[in-house]
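Structure assessment
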Amino acid sequence: MWLKLFFLLLYFMVLFVLARFFEAVVWYETGLFATQLVDPVTLSFNKLKTILECRGLGYSGLAEKRDVRELVEKSGDLMQGELYSAIKNEKEQAESQSESSTTFSGEMHFYELVEDTKDGIWLVQVIAQDRDALLSKANWGKMVQKVSQFGIRTGTFNCSSDSRYCRKRGWMKSTLIMSVPQTYASKGKVMLKEYNGRRIETEHIFKWMTAHVASRIKTIRMSQQLVEEWHPSEKHPVKMFLFAKLAQPPAFFSALSVKFTGRIEFIFVDVQSWDNITSLEEIGVQQLPSYILKMPEGIYRYGNSIGEFISLQAMDTFLRSVQPEVNDLFVLSLVMVNLMAWLDLFITQGATIKRFVVLISTLGTYNSLLIISWLPILGFLQLPYLEGFYDYSLKLLRYADTTTIASWVRTDWTFYSSHPALFLSTYLAHGLLIDYFEKKRRCNNEEENPNNLEWLSSLWDWYTSYLVHPITSFHNFPNESDWDDDPNFLLERLAFPDLWLHPLIPIDYINNLPTWRFKCTQVCGPNSEENRQTQGLNSEHEEHGCGKERDCAADSCCHSEIGGDVPCMKREAQEQQADWSQWPSDMIHCTECVVCLENFETDCIVMGLPCAHVFHQQCIVVWLAGGQHCCPVCRGPSYKRKPVRSSGLDLLEQQE
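Definitions and limits used
Residue numbers here run from 1 along each chain, matching the order of that chain's written sequence. Confidence filtering applies because this is a predicted model: local features only for residues at pLDDT of at least 70, side-chain atom pairs given and counted only at 80 or more, and all residues used for totals across whole chains, interfaces and linings. No hydrogens and no water enter the side-chain calculation; it runs on all heavy atoms of the structure. For helices the rule is a DSSP run of H or I covering at least 4 residues; for strands it is a run of E covering at least 2, with both sets numbered from the N terminus onward. Here a residue-residue contact requires only that any non-hydrogen atoms of the pair lie within 4.5 Å. Here the accessible surface of atoms and residues is derived via Shrake-Rupley with a 1.4 Å probe, and residues count as covered only by protein chains that are part of the display. The rule is short: rings of Phe, Tyr and Trp, with Trp giving its six-membered ring, pair when the centres are within 6.5 Å, and they are stacked under 30 degrees, edge-to-face over 60, tilted in between. Throughout, exposure labels follow a simple rule: accessible area from a 1.4 Å probe, protein chains only, divided by the maximum for the residue type, with under 20% read as buried, over 50% as exposed, and the rest as partly exposed. Note on geometry: a ring has a charge over it if NZ (lysine) or CZ (arginine) is within 6 Å of the ring centre and within 35 degrees of the ring normal. A helix is expected to span 1.5 Å for every residue after the first. Criterion for a disulfide: a pair of cysteine sulfur atoms at a distance within 2.5 Å. Being paired, for any two strands, means DSSP has found at least two bridges between them. Seen with the strands pointing away from the viewer, any crossover whose path from the first strand over the helix to the second strand runs clockwise is right-handed. Think of each axis as a best-fit line through the C-alpha atoms, taken over the contacting stretch in the case of a helix, with angles from 0 to 180 degrees between the N-to-C directions. Should an angle fall under 35 degrees it is called roughly parallel, over 145 degrees roughly antiparallel, and 65 to 115 degrees roughly perpendicular, with every other angle called oblique. Asp, Glu, Lys and Arg are counted as charged, while Ala, Val, Leu, Ile, Met, Phe, Trp, Tyr, Cys and Pro are counted as nonpolar; the rest, among them Gly, fall into the polar class. The rule for a salt bridge is simple: a side-chain nitrogen of Lys or Arg has to be within 4 Å of a carboxyl oxygen of Asp or Glu. UniProt positions are given in the numbering used here, feature names are shortened, and annotations may be inferred rather than shown by experiment.

The name recorded for the protein in an unreviewed UniProt entry is Ring finger protein 103, from Oncorhynchus mykiss.

Structural data, given as structure tokens:
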């Protein structure tokens, strides 16, 4: 897990450097930065209208370019990044088809999505029974595109699908309905507004919508009111102020007030009729317009750092980082955990099927642990004793998110979220590099990776070894259970729940394993005459100054139990001393038990497993009775008989 976390942090550093590289390329080609201010005088009339469209300001009564330019200046400073984003969004809307709109099937569907949604704005076109729609299909598509960029959802309710509900509501003619949260509290009431205007142009309908949404925002027109609202309050510790010479706030500012209901209070300060602005200078407002975030820790002027554009998306990202909700933190942790889990696809080496099996297992494990970890956190956050801890955590988060580094991170987040193909391609390239270096490391360690067929075969063996075991026979099962004689036996089994976590395998198969005595053609024990002769030869070698390094190779010498390292016979000669005629024909010849690492003594009892490996009887019985029903050497199942393969000679005899 720590390795994947390291690779993920390394990937984020690569994304940060890559974003700075793209900025350098743009600066080299155009000589402009995204944070560079743009003079509205140099822009064309169409570009100025595009900026007003993105900010949500109406310009229907403005015919001259100067009036449009002044409206842009009154709403906030214009940067190169905002201009680029506005032009790009306009092109995407022109190329793409109309945005998706919900079609309501009846009363319950309408109530669930519109009336029960407390933190969103809806625009619904009601089509009366046997009547035409108020807006044509083309105009409705334009309206949907216009309001969707501010997070306003749209839908169509045809009264022919539920005429009773239309009569209940009094919708006897085709009209437009807008739902807006009525109170400033989270999960408050929703009010439905009906459009009663005579003109059905999109500009007039949008102006009607923005006027109703702006009515939710607290508007200050007197300096005395500003002093009262500027003081911190326990109910709304974080406030977002807009100081501007406008009749009403922009639509994006009003839409954000609905989105952050209950978390941040939005206040619009209209200074058009103010003769004395000394009160503004006293609270730190140096220029107009200004977007000021008032926090218990101080004030923060939005728009001074990189990526802080006067747009819905940029300010939404900023406010979510400063005052997040629990769902934002959960989504962020979910993205991080899944990015870490997908790295297993590149870290795991071997067969392709193995990679995906490990990936699916990791995704399931990580997401399950994440959900299980969040459940107690949500419970703790609801305790009244932890309110101080929660407030202190938000304070530290606000301190961190108002730094320059945090503004760089938000800018990169916005950039890569608007270019998902670039994000996915860089993630894939990063994973392929990890795969390359991991393969190189495995090659240096001389580790062999099985192919797909071999890995599936080993997976099937593992499955049959640990999941599909023989069912315990009941003919040897005692009539009286040990649980009746000793109640502590049940408690021990509950403390170590092998009954349900591991399959229960009968050990009566151990009695059927082949056993025999180990015999030697010559006496080869440690106290034998031959061994004493070997010690005599060793002393003669020492008298002549011959060491064991000169007389025998390192791989043909052994350690004597009598005393010191002595030259011994080669393994081939030692194997010739054992009487292999006593061994079963299907057993592997060996002279040492790998469990105790001791050589077989004469007349000792040895036992063979179905895989043909041989051990001391006492050693292997203790091994198998301890619950490890596999060979210590090859891990083959010890309770399964090895399939007998017919040799070529047997086949010839059968044919004859």
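Having put the structure on the table, let's press on.
1. Considerations on the overall build of the protein
Of regular secondary structure, the protein possesses 27 helices and 17 strands. Here the analysis covers contacts within the protein between residues at least 6 apart in sequence; of these, 69% occur between residues at least 24 apart. For the protein, the exposed surface amounts to about 39600 Å²; the carbon and sulfur share of it is 57%.

2. Considering the packing of aromatic side chains
Under the counting rule described, the total for this entry stands at 33 aromatic pairs. Relative to phenylalanine 423, the ring of tyrosine 11 has its centre 5.9 Å away and its plane inclined at 65°; by these criteria the two rings are edge-to-face. Here tyrosine 11, found in helix α1 (residues 2–30), pairs with phenylalanine 423, found in helix α18 (residues 420–444); they are 412 residues apart in sequence, far enough to count as distant. Exposure remark for tyrosine 11: the relative accessible area of 1% places this residue in the buried category. When the centroid spacing of 5.5 Å and the interplanar angle of 55° are considered together, the rings of phenylalanine 518 and phenylalanine 600 count as tilted. Residue phenylalanine 518 is located in the loop between β11 (515–517) and α23 (529–543), and its partner phenylalanine 600 is located in the loop between β15 (598–599) and β16 (605–608); the two are separated by 82 residues in the primary sequence. In this structure phenylalanine 518 comes out as buried when scored by relative accessible area, which is 2%. Among the aromatic residues, ring-to-ring pairing joins Phe104, Phe110, Trp122, Phe157, Tyr165 and Trp171 into one connected group. Residue placement shows arginine 20 over the ring face of phenylalanine 16; its charged tip is 4.7 Å from the ring centre.

3. What to know about helix α13 (residues 326–342)
Compared with an ideal rise of 1.5 Å per residue, which puts 17 residues at 24 Å, α13 spans 24 Å between its outermost C-alpha atoms and is within 8% of the ideal. Buried within α13 are the following residues: Asp328, Ser333, Val337, Leu339, Met340 and Ala341.

4. Considerations on the environment of isoleucine 205
Position of isoleucine 205 among the secondary structure elements: in helix α8 (residues 202–214). Given the relative accessible area of 0%, isoleucine 205 is considered buried. For the pair isoleucine 205 and tyrosine 195, spaced 10 residues apart in the sequence, the C-alpha separation amounts to 7.8 Å. In this structure, isoleucine 205 is in contact with Leu135, Met143, Leu176, Tyr195, Arg199 and Ile200, ignoring residues within four places of it in sequence.

5. Remarks on the state of the cysteines
Under the counting rule described, the total for this entry stands at 1 disulfide. A sulfur-sulfur separation of 2.1 Å characterises the disulfide bridge that pairs cysteine 159 with cysteine 166. Disulfide cysteine 159-cysteine 166: the torsion about the S-S bond is -95°, which places it as left-handed. Residue cysteine 159 shares its accessibility class with cysteine 166, and that shared class is buried. Unpaired in terms of disulfides, cysteine 619 finds its nearest cysteine sulfur in cysteine 596, a separation of 3.8 Å. Since its relative accessible area comes to 18%, cysteine 619 is described here as buried.

6. Digging into the pairing of strand β3 (residues 153–158)
The two faces of the sheet receive side chains in turn, since in a regular strand these alternate between them. As defined by bridge partners, strand β1 (residues 102–104) adjoins β3 across 3 bridges and the pair is classed as parallel. Bridged to phenylalanine 104 within β3 is phenylalanine 157. With 6 bridges joining them, strand β2 (residues 122–127) and β3 adopt parallel strand pairing. Across the sheet, leucine 123 pairs through a bridge with threonine 154, a residue of β3. In this region the chain leaves β2, passes through helix α6 (residues 137–148) and returns to the parallel neighbour β3; the handedness of that crossover is right-handed.

7. Let's talk about the packing of α1 against helix α17 (residues 404–418)
α17 packs onto α1 with a crossing angle of 80° between their chain directions and a minimal axis gap of 11 Å. The angle between α1 and α17 places the two elements in the roughly perpendicular class. Counting all contacts with α1, which are made through Leu15, Phe16, Leu18, Ala19, Arg20, Phe22 and Glu23, the residues of α17 involved are Trp408, Asp412, Phe415 and Tyr416. Within the contact of α1 with α17, the residues separate by chemical class into 8 nonpolar, no polar and 3 charged.

8. Comments concerning the pattern of salt bridges
Throughout the structure, instances matching the rule amount to 22 salt bridges. The salt bridge partner of lysine 259 is aspartate 316, with a shortest N-O separation of 3.8 Å. Separated by 57 residues along the polypeptide, lysine 259 in helix α10 (residues 251–259) and aspartate 316 in helix α12 (residues 312–322) bring together distant segments of the chain. The class of lysine 259 is partly exposed, set by a relative accessible area of 37%. With a shortest N-O distance of 3.5 Å, arginine 410 and glutamate 308 are connected by a salt bridge. Taken together, the positions of arginine 410 in helix α17 and glutamate 308 in the loop between β10 (298–302) and α12 put the pair 102 residues apart, joining distant regions of the chain. On the basis of relative accessible area, arginine 410 is assigned to the buried category, the value being 9%. Through salt bridges with shared partners, a single ionic network connects Lys259, Arg263, Asp316, Arg320 and Asp328.

9. Some points on the UniProt feature "transmembrane region" (unreviewed entry) in the protein
Taking the numbering used here, the UniProt-annotated feature "transmembrane region" (unreviewed entry) corresponds to residues 329–347 and 356–377. In residues 329–347, the share of helix is 95% and the share of strand is 0%. The end C-alpha atoms are 27 Å apart. Regarding residues 356–377, the helix share stands at 100% and the strand share at 0%, and the terminal C-alpha atoms are separated by 32 Å.

10. What about the environment of methionine 587?
Note on placement: methionine 587 falls in the loop between α25 (571–577) and β14 (592–593). Distance in space between the C-alpha atoms of methionine 587 and leucine 609 is 8.4 Å, their sequence separation being 22 residues. Not counting chain neighbours up to four residues away, the residues in contact with methionine 587 comprise Pro514, Trp516, Gly608, Leu609, Ala612 and Val614.

11. Digging into the side chain of glutamate 438
Following the sequence through the fold, glutamate 438 ends up in helix α18. Accessibility expressed as a relative area gives 9% for glutamate 438, which makes it buried. Those residues within four positions of glutamate 438 in sequence are excluded, and the remaining contacts are Ile347 and Gln349.

12. Topic: the sheet that holds strand β7 (residues 239–244)
The strand order across the open sheet built from 5 strands is β6-β8-β7-β9-β10, with neighbouring strands paired in mixed fashion. At either end of the open sheet lies a strand with only one pairing partner, and these are β6 (218–220) and β10. With direction set aside, neighbouring strand axes in the sheet form an average angle of 25°. Summarising the sheet, β6 and strand β8 (residues 265–270) pair through 3 bridges and their orientation is parallel. The partner of isoleucine 220 across the bridge, within β8, is valine 269. Lying over the sheet, α10 contacts β7, β8 and β9 (290–295), oriented at roughly 150° with respect to β8.

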